[in-house]
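# Structural overview for review
Each chain is listed here by its residues.
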There are 2 protein chains.
Amino acid sequence: MLQIISMSKNKSASQPLLGKEFQLIQRYFSEHQQTRRSDLLLGIGDDCAIVAPRKQANLAFSIDTLISGVHFPDNTAADAIAYKALAVNLSDLAAMGAEPAWFTLALSLPDHHQWSEQHRSNWLKDFSKALFSLAKEHNIQLIGGDTTAGSILSITIQVCGYLEKNTGLTRSGAQPDDIIAVTGKLGGASVGLDLLLETHNNAYNSLSENDKQQAIHALNYPQARIQEGLYLKHIAHSALDLSDGLLSDLGHILKASQVGAQLYLAKLPLADALSCLSDEQAWNKALSGGDDYELCFTIAPRHWTRVREKFPNCVAIGRVTKEETVHLITSDGMNYQTQQKGYDHFG
Amino acid sequence: MLQIISMSKNKSASQPLLGKEFQLIQRYFSEHQQTRRSDLLLGIGDDCAIVAPRKQANLAFSIDTLISGVHFPDNTAADAIAYKALAVNLSDLAAMGAEPAWFTLALSLPDHHQWSEQHRSNWLKDFSKALFSLAKEHNIQLIGGDTTAGSILSITIQVCGYLEKNTGLTRSGAQPDDIIAVTGKLGGASVGLDLLLETHNNAYNSLSENDKQQAIHALNYPQARIQEGLYLKHIAHSALDLSDGLLSDLGHILKASQVGAQLYLAKLPLADALSCLSDEQAWNKALSGGDDYELCFTIAPRHWTRVREKFPNCVAIGRVTKEETVHLITSDGMNYQTQQKGYDHFG
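First things first, this report covers the structure right here in the doc. (Residues numbered from 1 in each chain as written. Chains lettered and ligands numbered in written order. Predicted model: local features only at pLDDT ≥ 70, side-chain atom pairs only at ≥ 80, totals over all residues. Heavy atoms only, no water.)

### Quick look at the overall build of chain A
Each helix and strand counted, chain A has nine helices and 13 strands in total. For chain A, with 347 residues in total, the buried portion stands at 64%. Within chain A, counting contacts between residues at least 6 apart in sequence, those at least 24 apart form 84% of the total. Counting only carbon and sulfur atoms, one obtains 45% of the accessible surface of chain A, whose full area is about 13,500 Å². (Helix = DSSP H or I, 4+ residues; strand = E, 2+ residues; numbered from the N terminus. Buried < 20%, exposed > 50% of the residue type's maximum accessible area, 1.4 Å probe, protein only. Contact = heavy atoms within 4.5 Å. Areas by Shrake-Rupley, 256 points an atom, 1.4 Å probe, with all protein chains shown as cover.)

### What about the pattern of salt bridges?
Overall, the coordinates contain 20 salt bridges over all chains when judged by the stated rule. One salt bridge connects lysine 84 of chain A with aspartate 291 of chain A, and the closest N-O pair in it is separated by 3.3 Å. You can see lysine 84 of chain A sitting in helix H2 (residues 78-96) and its partner aspartate 291 of chain A sitting in the loop between helix H8 (279-288) and strand S10 (295-299), a full 207 residues away along the chain. With a relative accessible area of 4%, lysine 84 of chain A lands in the buried category. Ionic pairing is found between lysine 285 of chain B and aspartate 194 of chain B, a salt bridge with its closest N-O pair at 2.6 Å. Note that lysine 285 of chain B is positioned in helix H8 (residues 279-288) and aspartate 194 of chain B in helix H4 (residues 188-197), a separation of 91 residues in sequence. (Salt bridge = Lys/Arg side-chain N within 4 Å of Asp/Glu carboxyl O.)

### What about the relation of the copies chain B and chain A?
Take chain B, turn it by 180°, move it 0.0 Å along the axis, and it overlays chain A with an RMSD of 0.0 Å. Here the copies are linked by what is in effect a two-fold axis. Across chain B, the smallest distance between a C-alpha and the rotation axis is recorded for lysine 55 of chain B, namely 3.1 Å. When the interface residues of chain B are mapped onto chain A, 100% of them are again interface residues, pointing to one common binding face. (Least-squares fit on C-alpha atoms with pLDDT ≥ 70 in both.)

### Structural notes on the packing of helix H4 (residues 188-197) of chain A against helix H5 (residues 209-220) of chain A
Residues and elements named next belong to chain A. The N-to-C vectors of H4 and H5 enclose an angle of 105°; their axes lie 7 Å apart at closest approach. Relative to H5, H4 is oriented roughly perpendicular. Listed contacts from H5 to Gly188, Ala189, Val191, Gly192, Leu193, Leu195 and Leu196 of H4 are Lys212, Ala215, Ile216, Ala218 and Leu219. Partitioning the contact of H4 with H5 into residue classes produces nine nonpolar, two polar and one charged. (Axes fitted to C-alpha atoms, helices over the stretch in contact; angles between N-to-C directions. Parallel < 35°, antiparallel > 145°, perpendicular 65-115°, else oblique. Nonpolar A, V, L, I, M, F, W, Y, C, P; charged D, E, K, R; others polar.)

### Section: the sheet that holds strand S11 (residues 315-321) of chain A
Residues and elements named next belong to chain A. With mixed pairing, seven strands are arranged side by side in an open sheet as S8-S10-S7-S11-S9-S12-S13. Because the sheet does not close on itself, it has two edges, and the strands there are strand S8 (236-241) and strand S13 (335-336). By the bridge criterion, four bridges tie strand S7 (residues 179-182) to S11 in an arrangement that is antiparallel. The residue bridging alanine 181 from the neighbouring strand is alanine 316, located in S11. Along the sheet face, H2 touches S8 and S10 and points at about 170° away from the line of S8. (Pairing = 2+ DSSP bridges.)

### A look at helix H7 (residues 246-257) of chain A
Residues and elements named next belong to chain A. In this model H7 runs 16 Å from its N-terminal to its C-terminal C-alpha over twelve residues, within 8% of the 16 Å that 1.5 Å per residue would give. In terms of burial, H7 is a largely internal element, ten of the twelve residues being buried. Along H7, the residues that are buried comprise Leu246, Leu247, Ser248, Asp249, Leu250, Gly251, His252, Ile253, Leu254 and Ser257. Just downstream of H7, glutamine 258 is the residue with a positive phi angle, here 55°. (Expected span 1.5 Å × (residues − 1).)

Following this line, the structure appears as C-alpha cells:
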C-alpha cells in the first residue's frame with residue numbers, strides 16, 4: 001500500500017521508496033535464497049505464495065516479533081538479528097515437534113533519515129545472508145514478505161511446519177512422576193545480555209574472555225532444537241521452549257497440565273559463564289534468565305534412557321508432582337526459596 | 001522472549017510487561033474471538049497453533065505490515081486500523097482466488113511511557129472487536145499472535161487460505177486481447193488521504209460532507225473482494241489487488257505477462273469524491289491513487305458478460321495488447337500522457 005512517510009504533507013516523498021522496496025525484496029529475498037522446496041508452487045513476487053502441503057499432515061504455525069532496543073540492543077549486528085529472528089520461531093516449531101517448511105518475513109527498517117541507502121543495502125546483505133544460511137540448515141524456505149520503512153527496526157517472522165497426525169508436543173500433557181528435562185545449558189544468554197548492557201559488571205570480572213564471548217553467542221545465536229523436538233514428539237508428554245526463563249515457562253506446562261514440580265537445584269545444567277557466580281546467583285540465572293531457547297519437556301521415566309542416549313545434551317532436572325506447587329530442592333534435600341520474577345506466572 | 005525496555009539498565013522494568021502481555025493476549029485475542037473453525041486443532045496459547053488442512057487443497061500465504069504514521073495517520077481510530085490491517089491481507093487472498101482460513105497477528109504497541117494502561121486497554125478492546133467482526137464475516141480465525149511493547153504502533157498480519165488445486169490467479173497469465181477490468185470505483189481512498197492530511201484543501205472545497213466521509217471511509221475500510229476472487233479464479237487470466245495505484249499495479253501484471261495495455265480514460269470508474277476535480281485531475285487520481293484495494297484482472301472477452309452479470313460492480317477499462325507499452329486513450333481516441341509516479345514501475 002502507499003506509505004505516508006512521517007505524515008509529511010508532501011506525499012510524493014514516499015513514492016521513491018515503493019520502487020526501492022520492490023528492488024530490495026527482489027534483490028535480497030528472492031534471488032539469494034538457497035532453500036528450494038518442492039512443495040512450494042509459487043514463491044515471492046505475487047499477491048500470495050502458494051504451497052501444496054503433504055497429504056495427511058497437520059501444520060503448525062508460530063509468529064514472533066523482534067524489535068530493536070526491546071528484544072536486542074540497538075547495536076546488534078544484522079546477521080545476529082537475522083539468525084535470532086528465525087531461530088526463535090524455529091524453536092517454537094521444535095517445541096511442538098514440527099518439521100520446518102516455510103516462513104514469511106515482515107521487515108520494518110528505519111527510514112532514510114536514520115539509515116543511509118548504503119547502510120540499508122549493507123544491512124540487508126548481511127541480514128539476508130545469515131537468514132538464508134540458517135534457513136538452509138533447517139530446509140525452511142522464505143515464501144513471502146513485506147518490507148516497510150518505519151521509524152524503528154522490527155522483524156516479524158511467521159513459520160509454518162509439518163506435524164504428523166496425532167502428534168504434537170503441547171503444554172498440557174505433563175503427568176505426575178514424569179521426569180522434567182531440558183535440552184541444554186541454562187543461564188548463558190542472560191549473562192550475555194548483562195555483558196552487552198554492562199550491568200552487574202563486577203560480578204563477571206573473573207570470567208574469561210572466551211566464556212564472555214560464549215555467553216554473548218548464546219544470546220545472539222540460540223539453537224533451535226528441531227531434532228530433539230521431532231524425536232520427542234512420539235514419547236514426551238509435554239514440551240515448550242525456554243524464552244522467558246525456566247521457572248516462568250515451566251509454569252505454563254504445570255498450569256496447563258494441572259500439576260506441580262520438584263526441581264533439583266544441583267541438577268540444573270549451568271552455562272559455563274555462570275561459573276564466576278555463587279551457587280545461589282547461578283541457580284537464579286538458570287531458573288529465571290531468559291532467551292536460552294532450550295526445550296523443557298516432561299517424559300515418563302521409562303523413556304528417559306533412550307532420550308539421554310540419543311541426545312546426551314538432555315539433562316533431567318526434576319519430577320512432575322500431583323501436588324500443584326513448585327519446590328526447589330537443594331542438594332541436602334531442603335526447600336529453597338527464590339524471589340525471582342518468573343514465579344509470578346504460576347499465579 | 002525477554003524484553004529490554006528502552007535498553008534501560010534496570011532490566012526488571014521489563015518484567016511486569018510479560019505478565020500483562022499474557023493477560024492481554026488471553027483477554028482480547030483468545031476469549032473474544034467469534035470465528036470457530038473445525039479445521040483448527042489447537043489455537044492460541046501454546047508454542048504453535050495446529051491446523052488440519054483439507055485434503056487435496058493448496059494453501060495461499062500473504063503477510064502485510066501497517067505502521068502508524070507510515071501507513072495510516074497517527075490519530076486513526078483503533079477499529080479502522082484493525083479493519084484495514086486484516087482487509088489488506090484478505091485482499092491479497094482475494095487477488096489469488098483463495099478462501100480465507102486462518103491468520104496470525106504480531107502487534108507492537110507503544111510502551112507505557114506513551115500509552116497509559118487505560119488507553120492500551122481501551123485501544124485493544126476496540127481493535128479486537130473490529131478485527132474479530134471482519135474475521136467472522138470472512139470465516140477466518142486468529143490462530144496465533146505476538147504482542148510486544150515497542151516504541152511505535154505496528155500491526156503485522158499473515159493470512160492463510162485454501163486454494164483449489166490447479167487454480168490461483170497470478171500476475172503472469174494476461175493474454176493479448178484480454179479485457180482489463182476492475183471490481184469497483186477508483187481514487188476514493190486517495191482523496192480520503194488528502195482530506196485527512198489536509199493536502200490540496202482547495203481542490204475539495206466543493207465536495208459535500210457526505211462525499212468527504214465516503215472518501216475517508218474508502219481509505220479506512222477497504223473491501224476485500226473475496227467473492228469476486230473465488231469466482232474469477234476459474235476464468236480470469238491474471239489478477240492482483242490495487243494497493244499502490246492502478247498504473248503501478250497493472251504494471252506488475254503487464255511486466256510478468258510480457259504484454260502491454262490500452263486503457264480507456266472515459267471508462268475509468270471514478271469514485272464520487274472525484275466529481276469536484278477536472279477530468280485530468282480525476283483520471284490521475286484513478287490511475288495513481290493508492291489504497292483502493294479493488295481487484296484488477298484480465299479475462300478473455302467471451303467471459304466478460306457472465307462476470308458483469310454476476311458482479312455488476314466490475315467495470316471494463318481497457319484491453320491487453322501484444323505490444324509491451326501502455327497507452328492511455330482519451331474519449332476522442334488520442335493518446336494521453338501522464339506524469340504520474342506509478343508509471344515508474346513499468347521500467
